[in-house]
Amino acid sequence: MYSSRNMKWSSMTCKLEVLFRNSSGPFSRIGSNYSFASKSVSSLQQPQMVDSDRGSDEDNSDINWDELGFGLVQTDYMYVMKCSRDDKFSGGELNRYGNIELSPSSGVINYGQGLFEGLKAYRKADGRGFLLFRPEENAQRLQMGAERMCMPSPTVEQFIHAVKQTVLANKRWVPPQGKGSLYVRPLLIGSGPVLGLAPAPEYMFLIYTAPVGTYFKEGLAPIKLVIDENFHRAAPGGTGSVKTITNYAPVLKAQMQAKRKGFTDVLYLDSVNKKYLEEASSCNLFIVKGNVISTPATRGTILPGITRKSIIEIAQDSGYQVEERLVSVDDMVDADEVFCTGTAVVVAPVESVTYRGQRIEYKTGVDTVSQKLYKILTEMQMGLVEDKKGWTVELE
């Protein structure tokens, strides 16, 4: 089902193929709009005409939506746009989901010059319309990350347009309401070749999608965290506050060790004092004590999550006092509830946190603060309640 990695050699150059899996689904057209090739994407597949009358839900009648996890499921199209270091992005296009070709000396492969984003598209109750949740926030966060990583970035308008095009081209992969969502993965990478340490000469903005269910294997059940004092996710002055690809591989070892011991994920402490909570491997953290909800302040080492930002506002609207501050291990031990937030996990209640061999258990279940906030958030994301905040973007 997956293509294997291989190397193509010639007398002049060696190019590494980054494989995304070849597509086998039908072509589709987005309304009467067609995408055209530009010079910046000439090294990719030729553009395809997309037909919105194809790719109906019936084409996916053999998919068991109830068994969706958070894994890679191939969809039909991806969006690609390129520009040079001193230029601006323009003229992107839809291509069949498939392989891209990178030089072995590309900036992303050699020096990790890359960012990614994550957002979701939800199917509306009528089965035909779709909703995006705060895509402008993802676009703005990508721009901030690009500035930190010395990369050009798409405008907010270009980003949102590209996301819309990609979702509509893959609309048959959006699960029925209540069965999951279409995860949208924008990437910004240094695709041009470079040998010495320097910004790449060329950049690629790419979006692909995958239908997903719950992120953790526990599904919607409470998760178990462990504090690992031997590993740190970020350090002051580093890139912990931007969604660079280089933030994630370093946590894999700690995460794998934790999972072998039966934990869901790792909770990291600050690297200076080693007593303040930061975040888990891929999600932000909240603690609840009475009517007060606290979350670690984003001071350069914590990713400013969009779900985090939304939950803070929803909690305030619901009458809770929300504090963004330094949150110590002692604060966590004394908490009534603990929960995590993120695009992938949404709102994940924490059953327990283990610290220095001591297991601290927390309140979970239907009457918890986290479940109340989860319900408000997801009903808005799926269009089940009126969006009075203007957070959702509708696609037809």
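Residues numbered from 1 in each chain as written. Predicted model: local features only at pLDDT ≥ 70, side-chain atom pairs only at ≥ 80, totals over all residues. Heavy atoms only, no water.

Draft legend 1. Molecular detail of the overall build of the chain. Within the chain one finds seven helices and 20 strands. The proportion of buried residues among the 396 residues of the chain is 51%. Total accessible area on the chain is roughly 18100 Å²; 50% of this is exposed by carbon and sulfur atoms. (Helix = DSSP H or I, 4+ residues; strand = E, 2+ residues; numbered from the N terminus. Buried < 20%, exposed > 50% of the residue type's maximum accessible area, 1.4 Å probe, protein only. Areas by Shrake-Rupley, 256 points an atom, 1.4 Å probe, with all protein chains shown as cover.)

Draft legend 2. Molecular detail of the state of the cysteines. Throughout the structure, instances matching the rule amount to zero disulfides. Of all cysteine sulfurs, the one in C340 lies closest to C283, which takes part in no disulfide; the gap is 4.0 Å. Accessibility expressed as a relative area gives 2% for C283, which makes it buried. The buried category is assigned to C340, whose relative accessible area is 0%. (Disulfide = S-S within 2.5 Å.)

Draft legend 3. Structural context of the packing of helix 2 (residues 135-148) against helix 3 (residues 156-169). In the contact formed by helix 2 and helix 3, the axes pass within 9 Å of each other and the chain directions differ by 125 degrees. When the axes of helix 2 and helix 3 are compared, the pair comes out oblique. The handedness of the crossing between helix 2 and helix 3 comes out as right-handed. Only V156, F159 and I160 of helix 3 make contact with helix 2, whose side of the interface consists of P135, E136, N138, A139, Q140, L142 and Q143. Of the residues assigned to the contact of helix 2 with helix 3, the class counts are six nonpolar, three polar and one charged. (Axes fitted to C-alpha atoms, helices over the stretch in contact; angles between N-to-C directions. Parallel < 35°, antiparallel > 145°, perpendicular 65-115°, else oblique. Left-handed = near helix turned anticlockwise from the far one by under 90°. Contact = heavy atoms within 4.5 Å. Nonpolar A, V, L, I, M, F, W, Y, C, P; charged D, E, K, R; others polar.)

Draft legend 4. A look at the pairing of strand 17 (residues 337-342). Among the six residues that make up strand 17, six are buried, leaving the element largely enclosed by the rest of the structure. The two faces of strand 17 match: E337, F339 and T341 on one face and V338, C340 and G342 on the other face are all buried. Relative to strand 17, strand 14 (residues 284-289) is paired through five bridges, and the arrangement is antiparallel. If you follow I287 over to strand 17, its bridge partner there is V338. Looking at chain direction, strand 17 and strand 18 (residues 346-355) are connected through four bridges and run antiparallel. When the sheet's bridge partners are listed, T341 is paired in strand 18 with V347. Linking two consecutive strands that pair antiparallel, namely strand 17 and strand 18, is a turn of three residues. (Pairing = 2+ DSSP bridges.)

Draft legend 5. A look at the confidence of the model for the chain. Confidence in the prediction of the chain, expressed as mean pLDDT, is 86, and 84% of residues score 70 or more. Scored below 50 in pLDDT, residues 1-49 shows 128 contacts in the model against residues more than four places distant or in partner chains. In this model residues 51-58 is a low-confidence stretch, pLDDT under 50, and it forms 20 contacts with partners more than four residues away in sequence or in other chains. (pLDDT = per-residue confidence, 0-100.)

Draft legend 6. Seen up close, the packing of aromatic side chains. The final tally for this structure, using the stated rule, is seven aromatic pairs. Ring geometry for F116 versus Y248: centroids 5.0 Å apart, planes at 55 degrees, classification tilted. On the criterion of sequence distance, the pair formed by F116 in strand 6 (residues 114-116) and Y248 in the loop between strand 11 (223-227) and helix 4 (252-260) is long-range, its members being 132 residues apart. For the pair F116 and Y248, one class covers both residues: buried. Here F159 and F205 contribute two aromatic rings whose centre-to-centre distance is 5.9 Å and whose plane-to-plane angle is 45 degrees, an arrangement assigned as tilted. Of the two residues, F159 sits in helix 3 while F205 sits in strand 10 (residues 202-212), which places them 46 residues apart along the sequence. The pair formed by F159 and F205 is uniform in burial state, with each residue classed as buried. (Phe/Tyr/Trp six-rings, centres within 6.5 Å; stacked < 30°, edge-to-face > 60°.)

Draft legend 7. Structural detail: helix 3. When the terminal C-alpha atoms of helix 3 are compared, their 20 Å separation across 14 residues agrees well with the 20 Å that a helix rising 1.5 Å per residue should span. By the criterion of burial, helix 3 is predominantly enclosed, with ten of the 14 residues buried. Residues V156, F159, I160, A162, V163, Q165, T166, V167, L168 and A169 constitute the buried set of helix 3. (Expected span 1.5 Å × (residues − 1).)

Draft legend 8. Main features of the nonpolar core. Core analysis: the largest hydrophobic core is formed by 34 residues, its most contacted members being F159, V163, V167, L188 and F205. No other element matches helix 3, which puts eight residues into this core. (Core = buried A, V, L, I, M, F, W, Y, C linked by side-chain atoms within 4.5 Å.)

Draft legend 9. The arrangement of the side chain of T368 in detail. Along the chain, the position of T368 falls in the loop between strand 19 (358-361) and helix 7 (369-381). There is a polar contact of 3.3 Å between the side chain of T368 and the side chain of S370. Each residue touching T368, except ones within four places of it in the same chain, is listed here: E337 and K363. (Polar contact = N/O pair within 3.5 Å; in protein donor to acceptor, adjacent residues only side chain to side chain.)

Draft legend 10. Just the pattern of salt bridges, in detail. One pass over the structure, following the stated rule, counts 19 salt bridges. One salt bridge in this structure joins E279 and R233, with 3.3 Å as the shortest N-O distance. Here R233 lies in the loop between strand 11 and helix 4 and E279 lies in strand 13 (residues 277-280), a separation of 46 residues in the sequence. On the accessibility criterion, E279 (3% relative accessible area) is buried. Taking relative accessible area as the criterion, R233 reaches 8% and is therefore assigned buried. Among the ionic pairs, K375 bridges to E379, the shortest N-O distance being 2.7 Å. Within this pair, K375 and its partner E379 are both found in helix 7, separated by four residues, close to a single helical turn. Through salt bridges that share partners, R134, E137 and K309 make up one connected network. (Salt bridge = Lys/Arg side-chain N within 4 Å of Asp/Glu carboxyl O.)

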